[in-house]
Amino acid sequence: MADHLKVSIVEYPVRGAGSGPYGIAMGPDSAVWLTQVHHGRIGRMTTGGMHTFSYQLDPPTGHPSVITAGPDGALWFAESQGHRIGRITTDGVITVFPVPTREAGPFGIAPGPDGALWFTEMNADKVGRITVDGAISEFSLPGSGTFPSMIAGGPDGALWFTLNQGNAIGRITTDGVVTIHVLPTAAAGPVGVTLGADDAMWFVEIAAGQIGRITADGRITEFPLPDRTARPHAITGDAAGNCWFTEWGANRIGRISPDGRIEEYALPTPSSEPHGIAIGSDGDLWVALEIGSIAHLSPNSRIAPLFG
């Protein structure tokens, strides 16, 4: 067996038992920012593991989901049950913007190439766009009940998103032109999506236990996981061309190389429910564990993983 990457893992508790860390992002202040879905809070943790601040949303029942760094030096997040898009500065000032469509269920959010933030509306079959001063536009998608989930900027100046119940990957240009690419595997349930260093979009199929890759012209390749019941959820790319993903149902973090080789690493705490994943400028990874902590993964030396 060839040598494989060793990953050291440390878990840091998040204050507030049951708060449910869910989304995670690296902030412009070189800190880790997270959503606490059950308590309706936005948290900040240093890269040394100190949970320094936790900011309460009003009301606290909005279920903040995905969080991302915006182009304006603030963090932006979606509230899937509050039906709002939120903005928080690095010193904790929060502004919220209601989504025009009632009960839209915004979930994924990502910066676009046009200086705005783009987000999905799970319940409305729409993709939204919000400027940094809070002006919102909405674009309808074909079909109904498609459950648009996560979204990411592509290599082509467009945004790419997953249709969890539509079993497809979507692409939307900044002027609202939508293209849909149906997945080869039926009922695959795509969720997380990210831009890879190879200029393709990589995504996870939570129901099929696979990782997918789609090129800018729509060619799709799927890579089955060793454990098809692992329930992959979120994914992010590193500078070396690999993608890292969470396995919510298997309590692991996975890594897939550009040629499809998969390695997996067990988390120390059983049933920790890994959800969001983010990568720092140093290549270290940060994972939100809904059980109540943040995992810090440092890839550093070479040994054999669980699989690979």
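Residues numbered from 1 in each chain as written. Predicted model: local features only at pLDDT ≥ 70, side-chain atom pairs only at ≥ 80, totals over all residues. Heavy atoms only, no water.

**Q** Sorry if this is basic, but what is going on with the environment of W248 here?
**A** Here W248 lies in the loop between β23 (243-247) and β24 (252-256). Along the sequence, W248 and L289 sit 41 residues apart, while their C-alpha atoms lie 9.1 Å from each other. Apart from residues lying up to four places away in sequence, W248 is in contact with A230, R231, H233, E273, P274 and H275. One polar contact links W248 to E273, side chain to side chain, over a distance of 3.2 Å. (Helix = DSSP H or I, 4+ residues; strand = E, 2+ residues; numbered from the N terminus. Contact = heavy atoms within 4.5 Å. Polar contact = N/O pair within 3.5 Å; in protein donor to acceptor, adjacent residues only side chain to side chain.)

**Q** Before we go on, may I ask you to explain unusual backbone geometry in this structure?
**A** Note: most peptide bonds trans; most residues except glycine with negative phi. The omega torsion of the bond from D58 to P59 falls at 0°, within 30 degrees of zero and hence cis. Backbone geometry places F147, a non-glycine residue, at a positive phi of 60°. Within the element layout of this structure, F147 appears in the loop between β13 (136-140) and β14 (148-153). Here S271, not a glycine, exhibits a phi torsion of approximately 50°, which is positive.

**Q** Even after reading the chapter, I still don't get the nonpolar core, so can you show me in this structure?
**A** The biggest cluster of nonpolar side chains holds 57 residues, and the ones touching the most others in it are W76, I85, W202, I211, W244, F245 and I256. Broken down by element, this core gets its largest block of residues, 4 residues, from strand β19 (residues 201-205). Not counting residues up to four positions away in its chain, the partners in contact with I256 are W202, I211, F223, N242, C243, F245, R261 and I262. In this structure, A110, V127, F139 and A168 belong to the second largest nonpolar core, which totals 12 residues. (Core = buried A, V, L, I, M, F, W, Y, C linked by side-chain atoms within 4.5 Å. Buried < 20%, exposed > 50% of the residue type's maximum accessible area, 1.4 Å probe, protein only.)

**Q** Would you mind going over the environment of V96 with me for this structure?
**A** Position of V96 relative to the elements: it lies in strand β9 (residues 94-98). Here V96 falls in the partly exposed class, since its relative accessible area comes to 29%. Look past the residues within four positions of V96 in its chain and what remains in contact with it is E79, R84, I85 and G86.

**Q** Is there a simple way to think about the sheet that holds strand β20 (residues 210-214) in this case?
**A** Strand pairing within a sheet occurs via backbone hydrogen bonds; the two strands may be parallel or antiparallel. Pairing in this open sheet of 4 strands is antiparallel, and the strands run β18-β19-β20-β21 from one edge to the other. This sheet does not close on itself; its edge strands, each paired only once, are β18 (190-195) and β21 (220-224). With direction set aside, neighbouring strand axes in the sheet form an average angle of 20°. (Pairing = 2+ DSSP bridges. Axes fitted to C-alpha atoms, helices over the stretch in contact; angles between N-to-C directions.)

**Q** What am I meant to see in the side chain of K126 here?
**A** Summarising the element assignment, K126 is placed in strand β12 (residues 126-130). Despite its burial, K126 pairs with no opposite charge; the closest candidate is E138, at 4.1 Å N-O. (Lys, Arg positive; Asp, Glu negative; His and termini not counted. Salt bridge = Lys/Arg side-chain N within 4 Å of Asp/Glu carboxyl O.)

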